[in-house]
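Coordinate analysis (summary)
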Amino acid sequence: MVDSSCLGKKIVMKQLIHLCWRSWGYVLTLTLLLLLVCPVSLAQSVQDLPNPRQQNGSWISDRADLLSPAMEGQLNQRINQLNARTTAELAIATLPQIESTNDSRAFTLELFNHWKIGKRFKNNGVLLLIAKNNRRVEVMTGSGLQDTLPDAEVSQLIQQQMLPAFQQADYETGIHQGTLAIAQKLESRLPKTWLPLPVAGILAILGILVAAIGYGGVARFLQTAPQMKIPAQGFEGEKFRNAMSSLANASFPNLLAELFNQDANREQSPPKWMQGCLCGGGTLLGLAIALASQTILIPNPGWASGYMIVLGGVLNSFAGLCAILLPALLLLINKRDELIPILLIPLCFAIFGSAYIVGQVPAWPWIIGTIIVVNLLNSGFWWLISDSVLVFKRQWIYRSDRSNNPIQELNPDELTSLLSPSERLAQSMGNLAFRGWRDAGLPVPLTKDQVYLVQARDAMAIACSQCQSLTIDQSTQTIEKTVQSRKKVKGKKQKQLVDSVIQVSQTTYTCRFCGYDWVQEAVIRANDDRVSDTGSESYYSSSDYSINNSSSTDDDYYRNNYQNDTYGNTSSSDFGGGSSDGGGTGDSW
């Protein structure tokens, strides 16, 4: 019979064994699940390490969590500088541990080629790898840097700059010092693709000089008016025949433009080479601004911060706008209201260009190339619109067609001395107006055949039928007249003479120059209903139309002195002097 105490001990032992088995089973199961869900950070292969450039545009893959976010940003900024200045690429990878079966050097080489660090055909990449638990640091250089960064210098760099800090478990300091040392050696030995600040200053000075040449050319263009040769002797009496006010009120340049079918203020664009200087100077100045801004901003540790990106974008936008900004400033003196609309399209080009630069993490080739492209686009846009918007009004300079001397408008005294007595009288009566010009090199006094006169006459002015002068005064009065006419009377077989009273408008015309006058009458209204009120039948007495001829002495005086007046409406006393060769025919009736 089994002892009850022994049986109890066996039961207790079985329960303990079962409990332990269940506990270890839980532990093993949990461990397997963790391995399946969260793989260990052991680097089994390079595929375990995604490319940081493809992930977030960074140069660093910190799987061992050795770097603070601030230090990681600072290192990225320094590598950006290195890449911008030399095109070389430096990648940093930290791992908790590399699998012991893998050689760390072979793993670093495989990772280098997997990430394809460095520019194609240049092979100018460097990989800095730290395996924390393996206590191993590797620096792998591309084939294009083996002479620039020899293995002996790399070993010395690791021992002096990195290992002392790693031995104190200060991994962040060691990585920082190693990165700076590698970057400095590469920058001191590789050809630089960036332009220093003095070069930007030279470009700025050159751009300002080229733009100044363009502005100087435009200023000279505005001061040099177009010239035209016109006759300095002659007469014009038809252009302003019935437009006395137009002749009297027109400015002298507008008068000449009207006579010779020209625009007094001719609109003209400056020559293309002047606009080219402005655009070219703007392009150079834009490059200088872009290079100077990047030279100052990129080395700044806070480049990645928001305000620095905004500042860089604004500066690059202004740089891209310079190609059109300098020539467009001419609109301030010509078409000010069109300046802002014209700048909108180039401003869009500039903003998109600067956004592209900032988005690509600025590198000198991209900066220079983008600014050049934006400026060329803006220059092309300006070239298309310049002839229609950049036009200036320039006043003509008129010269004598004979002597090439400038012409000079006749003053009132000179005009009066050239007019005949009848013309002076007609001018004083407001029936004629004169203006004219002469060769500025002619001495005074002048004669009519030495000047060019323009005459205008009042549309209501009446010429004298005797002397043809426009010196007629007229006066009108209404009078009553008794006239006789034959009318048929009731009870009478034949028409009888009947007296009728009519109202007549009597106008008297008197020439103030030669004294010739005449009277003209017109029926207004008849008191007798047998006479038409419309005046369709005219009733005149023997004194209805009377002429008072001037004396023969006055008439002869006028004919002898003024019948050949060049600028009056004259009639000849003879035929014109033609001949015939016998042409024509006759007939009978």
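Residues numbered from 1 in each chain as written. Predicted model: local features only at pLDDT ≥ 70, side-chain atom pairs only at ≥ 80, totals over all residues. Heavy atoms only, no water.

Some remarks on the overall build of the protein chain
Regarding its fold elements, the protein chain presents 16 helices and 18 strands. Within the protein chain, buried positions represent 42% of all 589 residues. Within the protein chain, residue pairs in contact and separated by at least 24 positions form 71% of the contacts whose partners lie at least 6 positions apart. (Helix = DSSP H or I, 4+ residues; strand = E, 2+ residues; numbered from the N terminus. Buried < 20%, exposed > 50% of the residue type's maximum accessible area, 1.4 Å probe, protein only. Contact = heavy atoms within 4.5 Å.)

Some remarks on the sheet that holds strand β6 (residues 136-141)
Overall, mixed pairing links the four strands, which are arranged β2-β3-β5-β6 in an open sheet. Of all strands in the sheet, those bounded by a partner on one side alone are β2 (60-62) and β6. Recorded for the sheet is a direction-independent mean angle of 10 degrees between the axes of neighbouring strands. Here seven bridges tie strand β3 (residues 89-95) to strand β5 (residues 125-131), and the two strands are oriented parallel to one another. What sits directly across from Thr-94, in β5, is Ile-130. In this fold helix α4 (residues 104-115) packs onto β2, β3, β5 and β6, with an angle of close to 45 degrees to the strand it touches most, β6. (Pairing = 2+ DSSP bridges. Axes fitted to C-alpha atoms, helices over the stretch in contact; angles between N-to-C directions.)

Quick notes on the confidence of the model for the protein chain
Within the protein chain, residue pLDDT values average 75, and 71% of them lie at 70 or more. When the criterion is pLDDT under 50, residues 1-7 qualifies, and its contacts beyond four places in sequence or with other chains add up to one contact. Within the model, pLDDT remains below 50 along residues 24-43, and this stretch shows 13 contacts once partners closer than five positions in the same chain are excluded. (pLDDT = per-residue confidence, 0-100.)

Some details on the sheet that holds strand β13 (residues 432-439)
With respect to topology, four strands assemble into an open sheet ordered β8-β14-β13-β12, the strand pairing being mixed. Across the chains shown, the open sheet's two edge strands, defined by having one partner strand only, are β8 (234-240) and β12 (407-409). The average undirected angle you get between the axes of adjacent strands in this sheet is 25 degrees. Judged from the four bridges that link them, β8 and strand β14 (residues 451-457) form a sheet pairing that is parallel. From the neighbouring strand, Gly-234 faces β14, where its bridge partner is Tyr-452.

Concerning the pairing of strand β11 (residues 397-400)
Alternating residues of β11 divide into Tyr-398 and Ser-400, all buried, and Ile-397 and Arg-399, none buried. Relative to β11, strand β7 (residues 227-230) runs parallel, the two being bridged by four bridges. If you follow Ile-230 over to β11, its bridge partner there is Ser-400.

Quick word on helix α3 (residues 69-86)
Side chains that are three or four residues apart share a direction in an α-helix, a result of its 3.6 residues per turn. Between its terminal C-alpha atoms α3 stretches 26 Å, which fits the 26 Å expected from 18 residues at 1.5 Å a residue. Most of α3 is tucked away: 13 of the 18 residues are buried. Directly beyond the C-terminal end of α3, a positive phi value near 70 degrees is found at Thr-87. (Expected span 1.5 Å × (residues − 1).)

Quick look at the packing of α3 against helix α6 (residues 171-189)
Relative orientation and spacing of two packed helices are given, respectively, by the angle between their axes and the distance between those axes. Remark: α3 packs on α6, axes separated minimally by 10 Å, with the N-to-C direction vectors making an angle of 10 degrees. Judged by the angle between their axes, α3 and α6 are roughly parallel. Where α3 approaches α6, its residues Met-71, Gln-74, Leu-75, Arg-78, Ile-79, Gln-81, Leu-82, Arg-85 and Thr-86 are matched on the opposing element by Glu-172, Ile-175, His-176, Thr-179, Leu-180, Ala-183, Gln-184, Leu-186 and Glu-187. Here the residues of the contact of α3 with α6 are counted per class, giving eight nonpolar, six polar and four charged. (Parallel < 35°, antiparallel > 145°, perpendicular 65-115°, else oblique. Nonpolar A, V, L, I, M, F, W, Y, C, P; charged D, E, K, R; others polar.)

A look at the packing of helix α5 (residues 151-167) against α6
Contact geometry for α5 and α6: axes closest at 7 Å, N-to-C directions at 155 degrees. In terms of their interaxial angle, α5 and α6 are classed as roughly antiparallel. Judged by the twist between their axes, the crossing of α5 over α6 is right-handed. Here α5 contributes Glu-153, Leu-157, Gln-161, Met-162, Ala-165 and Phe-166 to the contact with α6, which in turn contributes Tyr-171, Thr-173, Gly-174, Ile-175, Gln-177, Gly-178, Ala-181, Ile-182, Lys-185 and Arg-189. (Left-handed = near helix turned anticlockwise from the far one by under 90°.)

A word on the side chain of Ser-61
Following the sequence through the fold, Ser-61 ends up in strand β2. Residue Ser-61 is classed as buried on the basis of its relative accessible area, which comes to 8%. Apart from residues lying up to four places away in sequence, Ser-61 is in contact with Pro-50, Pro-52, Ile-92, Ala-93, Thr-94 and Trp-115.

Regarding the environment of Asp-65
Here Asp-65 shows up in the loop between β2 and α3. Classification of Asp-65 by relative accessible area gives exposed; the value is 62%. Along the chain, Asp-65 and Glu-172 lie 107 residues apart, while their C-alpha atoms are 9.8 Å from each other.

Observations concerning the pattern of salt bridges
Applying the stated criterion to the full structure yields 10 salt bridges. Across the pair Arg-78 and Glu-187 runs a salt bridge whose closest N-O atoms are separated by 2.9 Å. On the criterion of sequence distance, the pair formed by Arg-78 in helix α3 and Glu-187 in helix α6 is long-range, its members being 109 residues apart. Glu-187 matches Arg-78 in its accessibility class, with the two residues each being buried. Residues Glu-423 and Lys-448 are paired through a salt bridge, measuring 3.2 Å at the closest nitrogen-oxygen approach. (Salt bridge = Lys/Arg side-chain N within 4 Å of Asp/Glu carboxyl O.)

So, the state of the cysteines
Overall, the coordinates contain zero disulfides when judged by the stated rule. The cysteine Cys-514 is free of any disulfide, with Cys-511 supplying the nearest cysteine sulfur at 3.4 Å. (Disulfide = S-S within 2.5 Å.)

Here's the deal with the environment of Glu-238
Inspection of the secondary structure puts Glu-238 in strand β8. Take Glu-238: its relative accessible area is 56%, and that puts it in the exposed class.

Description of the pairing of β5
With seven of its seven residues buried, β5 lies for the most part within the structure. In β5, alternate side chains face the same way, and those of Gly-125, Leu-127, Leu-129 and Ala-131 on one face and Val-126, Leu-128 and Ile-130 on the other are all buried.

Side note on unusual backbone geometry
Here Val-444 and Pro-445 are connected by a cis peptide whose omega angle stands at 5 degrees. Its identity is not glycine, yet Phe-121 carries a phi of approximately 70 degrees, on the positive side. Here Phe-121 lies in the loop between α4 and β5.

Focus: the packing of aromatic side chains
By convention here, two paired aromatic rings are described through the distance between centres and the angle between planes. All chains considered together, the criterion is met by six aromatic pairs. A centroid spacing of 4.5 Å and a plane angle of 5 degrees characterise the contact between Trp-437 and Tyr-452, whose relative ring orientation is stacked. Here Trp-437, found in strand β13, pairs with Tyr-452, found in strand β14; they are 15 residues apart in sequence, far enough to count as distant. Among the aromatic side chains, those forming a connected cluster through ring pairs are Phe-252, Phe-260, Trp-437 and Tyr-452. The ring of Trp-59 is capped by Arg-53, whose NZ or CZ atom sits 3.7 Å from the centre of that ring. (Phe/Tyr/Trp six-rings, centres within 6.5 Å; stacked < 30°, edge-to-face > 60°. Lys NZ or Arg CZ within 6 Å of the ring centre and 35° of its normal.)

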